[in-house]
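Fold and contact review
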Amino acid sequence: MTHRLGVLDGDGIGPEIVPAAVRVLDAGLAAAGAEPVEWVPLPVGAAAIETHGSALPDVTVETLDKLDGWLLGPHDSASYPAEHRARLNPSGFLRKHFDLFANIRPARAFEGTPALVPGLDLVVVRENTEGFYADRSTYRGTGEFMPTKDVAIAMGIFTRPAIERIARQACELALRRSRHLTIVHKANVLRTTTGFFLEICREIAADYPQLGVDDFHIDAMTVHLVRHGADFDVLVTENMFGDILSDLTGELAGSLGIAPSINASYERAMAQAAHGSAPDIAGRDLANPTAMIASGAMLLDWLGAREAAERVEQALRTTVARGTRTADLGGAAGTVAFTDAVVATIGAAT
């Protein structure tokens, strides 16, 4: 079947890396003999503020509701005018609005690149809708408040249904990989909240006797990842811990520029690179599009176009292994040249 997918370029390097991802995904689909995607461009970010008066216009959200998924480029919400900064950023809003509860963030070192942890190949499975992100964990998105001018409080929300479904997603993923699940928490201090997370994850994991299951405190986990990250497979954790850990694992694998992710519900998915908008290099043909391309490949896989996804992933790895790399990986290729090389690699493999 033909899938309709949204294209939201975003800010900073977004208008460079998102079109690069579209090119590569189209090449992967064609090489696999799959139906082409119908791409639906939609306004978002600073450009949308200028044209529609909102970083995430109603027309964008309404159209996304009719699509199978979308590519979301990075946003630079910190640079938006004050009235727009006060609102939930586009990514946070879309995750909350569409209940994209599973944020899957792989970290895998590339052959021949300067990975801080050689052989790293793991996935952070992050609960995406509650936890310690107060702007997403309450009905009106107001989980932070100040009872007096000298006191600020943020709520962390943990519910059984949300923990059960992310734990099950992590277990299912671990079954398809090396069958090793690690639960990351802070139950020695945050006993009621992350202790609850740990308890329920253990309950769900008990339904998967094929898995080896262990757990670590979040602070200890950072040390273990730096020292022997290649020993881990699937990590499951709450929202904020997962955000922090996946940035760490992306860098340990070699660069945040190769760190992909997908945000999924049971009905739809959003591909989004784990890195930011990098406004300092925007428009200079310096950005590494790998994370955005790999995020798109994850979206194809989620949609069932697995052969196309595999061709894209393999082409990325082959291109880098042959020495065509962007500056963050020690190479000299620009965004366009790297994208050209990946497309050519896909074509040569058919």
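Scroll up for the structure.
Below, the structure is looked at part by part. What you see is a predicted model; the values in this text were computed from it and never measured. (Residues numbered from 1 in each chain as written. Predicted model: local features only at pLDDT ≥ 70, side-chain atom pairs only at ≥ 80, totals over all residues. Heavy atoms only, no water.)

Looking at a nonpolar patch on the surface
- On the surface, a nonpolar cluster with roughly 280 Å² of combined accessible area is contributed by Phe-145, Val-151, Ile-153 and Met-155.
- For Phe-145, a relative accessible area of 38% puts it in the partly exposed group. (Patch = residues over 30% accessible without salt bridge, like charges linked within 9 Å, V, L, I, M, F, W, Y side chains within 5 Å. Areas by Shrake-Rupley, 256 points an atom, 1.4 Å probe, with all protein chains shown as cover. Salt bridge = Lys/Arg side-chain N within 4 Å of Asp/Glu carboxyl O. Buried < 20%, exposed > 50% of the residue type's maximum accessible area, 1.4 Å probe, protein only.)

Thoughts on helix H11 (residues 306-321)
- Taking 1.5 Å per residue, 16 residues should reach 22 Å; H11 reaches 22 Å between its end C-alpha atoms and fits that length.
- Buried residues of H11: Ala-308, Ala-309, Val-312, Ala-315, Leu-316, Arg-317, Thr-318, Thr-319 and Val-320, and no others.
- Looking at the buried side of H11, the elements it contacts are helix H1 (14-31), strand E4 (102-108), helix H10 (290-303) and helix H12 (335-348).
- Gly-323 sits one or two residues past H11 and shows a positive phi near 105°. (Helix = DSSP H or I, 4+ residues; strand = E, 2+ residues; numbered from the N terminus. Expected span 1.5 Å × (residues − 1). Contact = heavy atoms within 4.5 Å.)

Thoughts on the sheet that holds strand E2 (residues 38-41)
- Taken in spatial order, the ten strands make up an open sheet running E2-E1-E3-E12-E11-E4-E5-E10-E8-E9, and their pairing is mixed. Taken across any chain shown, the strands that pair with only one partner, and hence form the sheet edges, are E2 and strand E9 (212-217). Ignoring which end each strand starts from, the neighbouring axes of this sheet average 25° apart.
- By the bridge criterion, four bridges tie strand E1 (residues 4-8) to strand E3 (residues 69-72) in an arrangement that is parallel. Counterpart to Val-7 in the pairing with E3 is Leu-71.
- Along the sheet, H1 makes contact with E1, E2 and E3, crossing E3 at roughly 135°.
- Each of strand E5 (121-127), strand E8 (180-185), E9 and strand E10 (234-237) touches helix H8 (residues 218-228); the most contacted strand, E9, lies at about 110° to it. (Pairing = 2+ DSSP bridges. Axes fitted to C-alpha atoms, helices over the stretch in contact; angles between N-to-C directions.)

A look at the packing of H10 against H11
- The geometry of H10 relative to H11 is characterised by a closest axis approach of 7 Å and an angle of 160° between their N-to-C directions. Taken together, H10 and H11 sit at an angle that is classed as roughly antiparallel. For the pair H10 and H11, the sense of crossing is left-handed. Between H10, through Thr-290, Ile-293, Ala-294, Ala-297, Leu-300 and Asp-301, and H11, the contact on the second element is made entirely by Arg-306, Ala-308, Ala-309, Val-312, Glu-313 and Leu-316. (Parallel < 35°, antiparallel > 145°, perpendicular 65-115°, else oblique. Left-handed = near helix turned anticlockwise from the far one by under 90°.)

Focus: the pairing of E5
- Along E5, six of the seven residues are buried, which leaves the element largely enclosed by surrounding structure.
- Where E4 and E5 come together, seven bridges link them in antiparallel fashion. For Arg-108, the partnering residue across the bridge sits in E5 and is Asp-121.
- Bridge analysis of E5 against E10 gives four bridges, and the strand direction is parallel. When the sheet's bridge partners are listed, Val-123 is paired in E10 with Val-234.

Structural notes on the pairing of E3
- Burial along E3 is two-sided: Gly-69 and Leu-71 facing one way and Trp-70 and Leu-72 facing the other are all buried.
- Bridge analysis of E3 against strand E12 (residues 269-271) gives three bridges, and the strand direction is parallel. Note that in E12 the partner of Trp-70 across the bridge is Met-270.

Notes on the packing of H11 against H12
- Across the interface, H11 lies against H12 with an axial gap of 9 Å and an inter-helix angle of 120°. Here H11 lies oblique to H12, going by the angle between them. The element H11 and its partner H12 pack so that their crossing is right-handed. The segment H11 lies against H12, with Arg-311, Val-312, Ala-315, Leu-316, Thr-318, Thr-319 and Val-320 engaging Phe-338, Ala-341, Val-342, Thr-345 and Ile-346.

Considerations on unusual backbone geometry
- Positive phi outside glycine occurs at Ala-278, with the angle close to 45°.
- As for its position among the elements, Ala-278 is in the loop between E12 and H10.
- Even without being glycine, Asp-285 reaches a positive phi, approximately 60°.
- Here Asp-285 is to be found in the loop between E12 and H10.
- Residue Asp-285 is classed as partly exposed on the basis of its relative accessible area of 31%.

Focus on the nonpolar core
- Judged by nonpolar contacts, the single largest core of 85 residues is most densely connected at Leu-71, Val-125 and Val-236.
- If we ignore the near neighbours within four places in the chain, the residues touching Val-125 are Asn-103, Ile-104, Ile-166, Ala-170, Leu-173, Val-234, Leu-235, Val-236 and Thr-237.
- One finds Val-40, Leu-42, Val-44 and Leu-72 within the second-largest nonpolar core, a separate group that totals 14 residues. (Core = buried A, V, L, I, M, F, W, Y, C linked by side-chain atoms within 4.5 Å.)

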